[in-house]
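# Inside the fold
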Amino acid sequence: MSSKINLLICFFILHLLAATNVRGRKIGIYEIKKGDFSVRITNYGARIISVLLPDKHGNIGDVALGYDTVKEYENDTTSFGALLGRVANRIGGAQFTLNGTLYKLIANDGANTLHGGPKGFSRVVWNVNKYEQDGPYPHITLTYHSTDGEEGFPGDVLASVTYALEDPYKLSVVMKAKALNKATPVNLAQHTYWNIGGHNSGDILSNVVQIFASHITPVDEHLIPTGEISPVKNTPYDFLKPREVGNQISKLPSGYDINYALDSTVEMKPVAIVYDKKSGRVMDLQASAPGVQFYTANSLIQKGKGGYVYQPHAALCFETQGFPDAVNHPNFPSTIVTPGKAYVHKMLYTFSIMKYWNSY
């Protein structure tokens, strides 16, 4: 009997280690907290795994979709909360030419490369460089060294992301990258699935959204940009004035999944505002990137936190970014980073409460 118990104990320990280590590197969960506002992060994929804040009644809710355990993130196919790279979004034909050299990548979205490839930055363990849970500046800084040839990309890249809580209910995300020895494309993006009514509150079709962009980059049937930059006026993509997500979504094949070219040229430009009438929560996003992918979780069916099953349109994603497939479209803002020139991408989420619809 004792030998069987010992075997069971050994099995449990091995299972626990497997859940907290990838190739010998420890995976952890880290919380940063300011009063009743807290964000949890895991260094597996540098992911945001929860964001807790009050609603208009003072009730605390989690507004980020995700899972209960780290192991579930290791098997994730949705990129819940992930830091995407080396190049987020799509690269057409899984290839590009840079300085006269053709680079062939690993295709993981039909014939194309999506979010850096089958591994990307979202399926690796990042190093924790700095961590302060609370105090005047709660923050965590994570780093990852991407090697020359990884997923087919040229050169070594040192990437970092810092998540920090600044003023009350402000979440700052600062992504940086350095090309160490070769020119290479870099386009980092943060991929949290937001439902500011609460992760388990149903769909987001009644959320009111405003996007500060009067143009999109149209795509073909494989979601690869055509190279055009087209106005949103008189199309379902027009969110220049606030309106409900579900107002014109039926005019699209499945929902929103498109890159917007942001209007402002200042460094920290307005990106989008989201308002949930039931909870009263508002999320205001600013960023330094030229574009934002607006995605409404169109085909999502996934068991998540607490066993809740997330359905299509259960969340919104606002992935600020360089334009998709920019490496194959010279008219798009360049995503090439050269040695000696740092890449910096800043985001600032500001959460607040608005109790009455007519004040919007």
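Keep in mind the model is a prediction, meaning the values are calculated, not measured.

Conventions and cut-offs
Residues numbered from 1 in each chain as written. Predicted model: local features only at pLDDT ≥ 70, side-chain atom pairs only at ≥ 80, totals over all residues. Heavy atoms only, no water. Helix = DSSP H or I, 4+ residues; strand = E, 2+ residues; numbered from the N terminus. Rg over C-alpha atoms; globule rule 2.2 N^0.38 Å. Buried < 20%, exposed > 50% of the residue type's maximum accessible area, 1.4 Å probe, protein only. Contact = heavy atoms within 4.5 Å. Areas by Shrake-Rupley, 256 points an atom, 1.4 Å probe, with all protein chains shown as cover. Lys, Arg positive; Asp, Glu negative; His and termini not counted. Charge placed at Lys NZ, Arg CZ, Asp CG, Glu CD. Polar contact = N/O pair within 3.5 Å; in protein donor to acceptor, adjacent residues only side chain to side chain. UniProt positions renumbered as here; feature names shortened; annotations may be inferred. Pairing = 2+ DSSP bridges. Salt bridge = Lys/Arg side-chain N within 4 Å of Asp/Glu carboxyl O.

### Comments concerning the overall build of the chain
What the chain contains, in helices and strands, is two helices and 30 strands. In summary, the chain has a C-alpha radius of gyration of 20 Å against a globular reference of 21 Å for 360 residues, a match within 12%. Across its three principal axes, the chain shows a C-alpha extent of roughly 75 × 60 × 40 Å. Buried residues in the chain amount to 54% of all 360 residues. Long-range contacts, defined as pairs at least 24 residues apart, comprise 66% of the intrachain contacts of the chain with a sequence gap of at least 6. Carbon and sulfur atoms provide 54% of the accessible area of the chain, an area that totals close to 15,700 Å². Averaged over its 33 positive side-chain charges, the chain has a centre that lies 3 Å from the centre of its 30 negative ones.

### Focus: the side chain of threonine 113
Take threonine 113: it is sitting in strand 11 (residues 113-114). By relative accessible area, which is 1% here, threonine 113 ends up buried. Within the structure, threonine 113 has its side chain in polar contact with the backbone oxygen of isoleucine 106 (distance 2.9 Å). Excluding residues that lie within four positions of it along the chain, threonine 113 makes contacts with Asn89, Arg90, Ile91, Ala94, Leu105, Ile106, Ala107 and Asn108.

### Section: the UniProt feature "active site" (unreviewed entry) in the chain
The feature "active site" (unreviewed entry), as given by UniProt, occupies His191 and Glu319 in the numbering adopted here. On the basis of their most widely separated C-alpha atoms, the annotated residues across 129 residues gather in one place, lying no more than 5.9 Å apart. Relative to the helices and strands, histidine 191 resides in strand 17 (residues 189-191). Of the residues examined, histidine 191 reaches a relative accessible area of 3% and is grouped as buried.

### A short note on the pairing of strand 3 (residues 29-34)
Successive side chains on a regular strand alternate, one facing one side of the sheet and the next facing the other. The pairing of strand 3 with strand 4 (residues 37-42) spans six bridges and is antiparallel. Residue pairing across strands places isoleucine 29 opposite threonine 42, the latter belonging to strand 4. Hairpin geometry of strand 3 and strand 4 is characterised by an intervening segment of two residues between the two adjacent antiparallel strands and by a positive phi of about 65° at glycine 35.

### Some remarks on the pattern of salt bridges
Tallied over the entire structure, the rule returns nine salt bridges. Of the charged contacts, one joins arginine 47 and aspartate 76 as a salt bridge, the two residues approaching to 3.0 Å between their closest N and O atoms. Note that arginine 47 is positioned in strand 5 (residues 47-54) and aspartate 76 in the loop between helix 2 (70-74) and strand 7 (82-84), a separation of 29 residues in sequence. The residues arginine 47 and aspartate 76 share a single accessibility class, namely buried. Note that arginine 90 and aspartate 109 form a salt bridge whose closest N and O atoms lie 2.9 Å from each other. Within this pair, whereas arginine 90 is found in strand 8 (residues 90-91), its partner aspartate 109 is found in the loop between strand 10 (101-104) and strand 11, the two being separated by 19 residues in sequence. The exposure class assigned to aspartate 109 is partly exposed, which follows from its relative accessible area of 23%.

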